[in-house]
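Below are the chains, spelled out letter by letter.
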Amino acid sequence: MVPREAIEVLLSKAKTVRDLHLVRKKREKECVFSPPPPPSTTAVAAAAKPPILLTQRHLNTIGEGMSRSLEISSFKRKRPEADPLGLIDAERAILNAIKSKKDLGIWVRDIKQETKLTDHVVNKSLKSLLTRKLIKEVVNIQNKGKKHYMSVEFEPSKEVSGGVWYVDGNLDKELVNVLKQLCLRCIRVQKVATLERVHEDLKKQHVVNFEISILQVFEILNSMVLDNEIIEVKSTGLGEYYSIPIGTVCYRFDSGPGVARGLKVGAFASIPCGACPRISLCTPDGIISPSTCVYYTKWLNIDF
Amino acid sequence: MVSQYGIKLAAYLISSSYGDFCSKVCECLLSRGTLTLAQIIRFTELSRENVINCLRVLIHQNCVQAFSIQQEVAFGEAPKIVTQYMALFDNTIHKMRFPKFMQIVSEELGKDCLGIFEGLLQHGRLSLNQIIDRNMQTPDNSDVHAVRESFSRLLNARFVERCPAPEPFLAPPEEETPAKKRGRWTSLDLWDLIGLAPILHIAEAPKTIEQRALATASPMESIRFLMEIDTLRGTSEEKGMESHDIATLEEKWKQDFSDAELSSSGKKKEILWRVNFEEFVRRLRHKACIEYVRIRLSDQAGIVLSAILELTRSSETRLKTDKSASMSINDIYDEVIKKDGGLGMDLERVRASLVQLGCQIPTTGIDETYSIDLKNIIELAQNEEVESVVLKRYGREAYRIFRLLSKSGRLLETDKISDTTFVEKKDTLKILYKLWKDGYLHMEKVSVNGPKQTLFLLWEVDKESLWVRVLDEMYHAALNLRLRITYEQDQEKEILQLPTEKLVGELEKRYKRLRKVRIILESSLMNLDDALMLFHDF
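Residues numbered from 1 in each chain as written. Chains lettered and ligands numbered in written order. Predicted model: local features only at pLDDT ≥ 70, side-chain atom pairs only at ≥ 80, totals over all residues. Heavy atoms only, no water.

Looking at an unreviewed UniProt entry, chain B carries the name DNA-directed RNA polymerase III subunit RPC3, with the source organism given as Abeliophyllum distichum.

As annotated in an unreviewed UniProt entry, chain A carries the name DNA-directed RNA polymerase and is attributed to Abeliophyllum distichum. Entered under Sequence similarities (unreviewed entry) in the UniProt record, the comment concerning chain A runs "Belongs to the eukaryotic RPC34/RPC39 RNA polymerase subunit family." Listed in UniProt under the heading Subcellular location (unreviewed entry), the comment for chain A reads: "Nucleus". (UniProt positions renumbered as here; feature names shortened; annotations may be inferred.)

**Brief notes about the overall build of chain B**
Scanning chain B from N- to C-terminus turns up 26 helices and 12 strands. Burial status across chain B gives 48% buried among its 538 residues. (Helix = DSSP H or I, 4+ residues; strand = E, 2+ residues; numbered from the N terminus. Buried < 20%, exposed > 50% of the residue type's maximum accessible area, 1.4 Å probe, protein only.)

**Brief notes about helix α1 (residues 4–18) of chain B**
All names here are of chain B. With 15 residues, α1 extends 21 Å between its outermost C-alpha atoms, agreeing within 8% with the 21 Å of an ideal straight helix rising 1.5 Å per residue. Among all positions in α1, only Y5, G6, I7, L9, A10, A11, Y12, L13 and I14 are buried. The elements touched by buried residues of α1 are α2 (20–32), α4 (48–60), α5 (89–94) and α24 (463–491). Two residues or fewer after α1 comes G19, characterised by a positive phi angle close to 95 degrees. (Expected span 1.5 Å × (residues − 1). Contact = heavy atoms within 4.5 Å.)

**Brief notes about the interface of chain A and chain B**
The extent of an interface is frequently quoted as the accessible surface area lost upon association of the parts. Each partner contributes to the interface: chain A provides 57 residues, whereas chain B provides 49 residues. For the pair chain A and chain B, the summed buried surface comes to about 4,300 Å²; carbon and sulfur atoms form 59% of the total. The largest contributions to the chain A side of the interface with chain B come from L226, F268 and L300 of chain A, which together make up 17% of the buried area. Inspection of the chain A/chain B interface yields 2 salt bridges. The closest approach of N and O atoms between R396 of chain B and D227 of chain A, which form a salt bridge, is 2.8 Å. (Buried area = accessible area lost by both parts, 1.4 Å probe. Salt bridge = Lys/Arg side-chain N within 4 Å of Asp/Glu carboxyl O.)

**Description of the packing of helix α6 (residues 108–115) of chain A against helix α7 (residues 119–131) of chain A**
All names here are of chain A. Close contact between α6 and α7 brings their axes to 10 Å; oriented N to C, the two are set at 115 degrees. Where α6 crosses over α7, the two elements pack in a sense that is right-handed. For the pair α6 and α7, the contacting residues are V108, I111, K112 and T115 in the first and D119, V122, N123 and L126 in the second. Here the contact of α6 with α7 is composed, by residue class, of 4 nonpolar, 2 polar and 2 charged. (Axes fitted to C-alpha atoms, helices over the stretch in contact; angles between N-to-C directions. Left-handed = near helix turned anticlockwise from the far one by under 90°. Nonpolar A, V, L, I, M, F, W, Y, C, P; charged D, E, K, R; others polar.)

**Here we look at the state of the cysteines**
Residue and element names in this part refer to chain B. All chains considered together, the criterion is met by 0 disulfides over all chains. Between C28, a free cysteine, and C26, which holds the nearest cysteine sulfur, the sulfur-to-sulfur gap is 9.7 Å. The cysteine C163 is free of any disulfide, with C63 supplying the nearest cysteine sulfur at 12 Å. On the basis of relative accessibility, which here comes to 7%, the residue C163 falls in the buried class. (Disulfide = S-S within 2.5 Å.)

**Brief notes about the packing of aromatic side chains**
Residue and element names in this part refer to chain B. All told, the structure shown has 14 aromatic pairs over all chains when counted by the stated rule. Taken together, a centroid distance of 6.4 Å and an interplanar angle of 5 degrees make the contact between F98 and F277 stacked. Of this pair, F98 sits in helix α6 (residues 98–109) while F277 is found in helix α16 (residues 277–296), placing the two residues 179 residues apart along the sequence. In this pair, the class of F98 matches that of F277, namely buried. Between F151 and W273 the ring centres are 5.3 Å apart and the planes differ by 75 degrees, which places this aromatic pair in the edge-to-face class. With F151 in helix α9 (residues 144–156) and W273 in strand β7 (residues 272–275), this pair connects stretches of sequence that are 122 residues apart. W273 shares its class with F151; the two are buried. (Phe/Tyr/Trp six-rings, centres within 6.5 Å; stacked < 30°, edge-to-face > 60°.)

**Some points on the environment of M227 of chain B**
All names here are of chain B. Turning to its location among the elements, M227 is positioned in the loop between α13 (221–224) and α14 (231–238). It is 9.4 Å that separates the C-alpha atoms of M227 and E161, two residues lying 66 residues apart in sequence. Discounting residues that sit within four places of it in the chain, M227 has contacts with L128, R148, F151, S152, L155 and W273.

**Describing the pattern of salt bridges**
Residue and element names in this part refer to chain B. Taken as a whole and judged by the stated rule, the model has 40 salt bridges over all chains. We note a salt bridge from E108 to R283, for which the minimum N-O separation is 2.3 Å. Placement of the pair is E108 in helix α6 and R283 in helix α16, with a sequence separation of 175 residues. Its relative accessible area of 40% is what places E108 among the partly exposed residues. For the salt bridge of R484 with E488, the shortest nitrogen-to-oxygen distance reads 3.0 Å. Remark: E488 and R484 occur in helix α24; sequence separation between them is 4 residues, near one turn of the helix. Look at R484 and you get buried, because its relative accessible area is 2%. One salt-bridge network, held together by shared partners, links E108, R158, E161, E221, R224, R274, E278, E279, R282, R283 and E316.

**Points about a positive patch on the surface**
Together, K144 and K173 of chain A together with K426 and K430 of chain B line one region of the surface with positive charge. Following the sequence through the fold, K173 of chain A ends up in helix α9 (residues 173–190). (Patch = residues over 30% accessible without salt bridge, like charges linked within 9 Å, V, L, I, M, F, W, Y side chains within 5 Å. Areas by Shrake-Rupley, 256 points an atom, 1.4 Å probe, with all protein chains shown as cover. Lys, Arg positive; Asp, Glu negative; His and termini not counted. Charge placed at Lys NZ, Arg CZ, Asp CG, Glu CD.)

**A few points about the sheet that holds strand β6 (residues 169–170) of chain B**
Residue and element names in this part refer to chain B. Pairing is mixed across the open sheet formed by 4 strands, whose spatial order is β1-β3-β2-β6. Each having just a single partner strand, β1 (35–36) and β6 make up the two edges of the open sheet. The sheet strands contacting α2 are β1, β2 (64–71) and β3 (80–87), and the helix crosses β3 at an angle near 100 degrees. Each of β2 and β3 touches α4; the most contacted strand, β2, lies at about 115 degrees to it. (Pairing = 2+ DSSP bridges.)

**Here's the deal with the packing of α6 of chain B against helix α7 (residues 111–123) of chain B**
All names here are of chain B. Close contact between α6 and α7 brings their axes to 8 Å; oriented N to C, the two are set at 155 degrees. As summarised for this structure, α6 and α7 are arranged roughly antiparallel, according to the angle between their axes. Once α6 is placed against α7, the crossing between them reads as right-handed. Across the interface between the two elements, F98, F101, M102, V105, S106 and L109 from α6 touch K111, C113, L114, F117, E118 and L121 from α7. A class-by-class count of the residues in the contact of α6 with α7 yields 9 nonpolar, 1 polar and 2 charged. (Parallel < 35°, antiparallel > 145°, perpendicular 65-115°, else oblique.)

So this is what it looks like as structure tokens:
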């Protein structure tokens, strides 16, 4: 049963049914943070005689709305002393959702979906939790534009952070380049080096402020092999490989005579057609054709 | 199946040498496959006479092969024999590389053989008498004996071969028995009948009708490079045989064979000879492998490979041999020391080079033989060629990504690619998409059902389809180079017509520019042709 006084307060402020809805909404908001003020005597009196505009049906609707807002406000207003961290229910619900994702983190929209809370409530709660240093914001390498949150006791997983080579969601190119140069120097000195030797060499130099693993060194060497800066070979046990067991994978510079003379460009890539992004549009008599091609003209005008 | 620009390039080469009508006929056969005369006339819309003349030229130039087959008819009707024509794409494209073939002959056999060889390149097919007659007309002609000697050297080196049967008959496949497959007789060429019938002697049975036709037309290996029968007349003349003795011999031939098998004059047809393209392709394949090894590994490795291929060349039965024949270390060493730069190599140095070439030193010294994986060398060269294009067109990061996928040979997920190649994740997807759109990569989508449905994109290099695409682009580029050469010459045609003394000032500048441009374009075309052969012939 809805308190009569409450209805009277509302009615005293409302002029139309629309106003009643607006008032109800406002009351809901106010109820979140503070209990509604007690109705004044005048208001109660005024509320005793409903205006001619309103019908019983409207009153029933108002009553239902009031009871809902009272329920919500009562939920939100649950005493914070019951929570060990002093969190309100919404904050607790959001924190639990975040903690459940552990080191994967959770997107804001997913928080809203899981907790079924409104945008305003979620945003406010997140702000509060951040202030209390219970959660942290992390950059998800897969979706940099979407805000992700994680409980402070977890470190972002590799899927989220991108691994040791990523910082704030971006590839740490400087770190990668420094390590590449160090690896190249090691191989230059040793002529032929195994993965273990390069790893040992890097560890001794203490260039980075973390314990560089052999896997990380392998990743760096592998990327240089893909770039053709070094080649991967297997030890034959002969000559330069005498100290390396036969069959062990090693790394060295490509020492072929053609490599030194810069003969590595393919025949097709040496002509304009090989590099042309428009070759599929080029036809003998078309707008793009060998006789009209500007790349050809430029190439033939170079002093060879 | 020939690719689009392969056909265009072949048509252009025919047009440059033999005119537009021949080019039209050639393009029709390459595009539509094997056709009858009536079909060619219909599709080219040329007159019957023109088509027949073009076919004669193309057959004579070894660009078309004719053959007869039994056509299916309604029950009760007599079987009908029809003649069909097929284009020989490889031989047509070989016209672009005649200078390379000539260089090989010149280096190996000298000027005299080169003269004969040039004649065969120009005319397509010649009999020995025609070769001799042609030589007589040159300013520095040699005597008949010298010409025969030079011709014999070309045959011994397998640079020249007997022409195939002009129109072999293909029996229906179901009628062929194993016995009948051997010792098949053609009824149209006298010399093919003389105990030398073409047989289906290749290791695998040919599958398509075109392959069967080529196999049937080919002379037997035992007579393919044999000059002796053809020398009977010449030898008899040299030996001063009486004319009635020669006539007796001819009478004997007439008795042995039907009139239809003889030429209309009643005399035996002369053997026709042509360039053996297969041998030149083999030589160029070996040369490419040696050059690759020399540049990528070392000069010594190049010398050792050259020695091995020299020793094993004659034993190669197939053109695209995967591995060289096995040779003992001593045989290899004996050949190495004959090569330029090989004299200073000892056995240990040879062994080290063999290891560089991918061989393993046997643990026991009893049977120390080595064989080189040529297929692997060719594949490495092909990979480098394509990687070079990717680097030039799409940049270094794309190059790394492509090499990763090419080396792994399997599907890899986007994140894995990004992590391994140290490319930003957002850039990785863009690069992969660009490569996929241009046909360099194959992509598959995998959906994983879990708490959340996740879509993964997997990528790989499909070498089979990519190699076809790259080859077509190379044909396109080769055609472009040829067209640009023609264009540049057309632009300066008035300068080319001027005498040298008038080429001064601005005209001289233009002339020198034209010369430079031609050198660049023609040398680029020869280099590109090496790459074409790498993907098509090797």
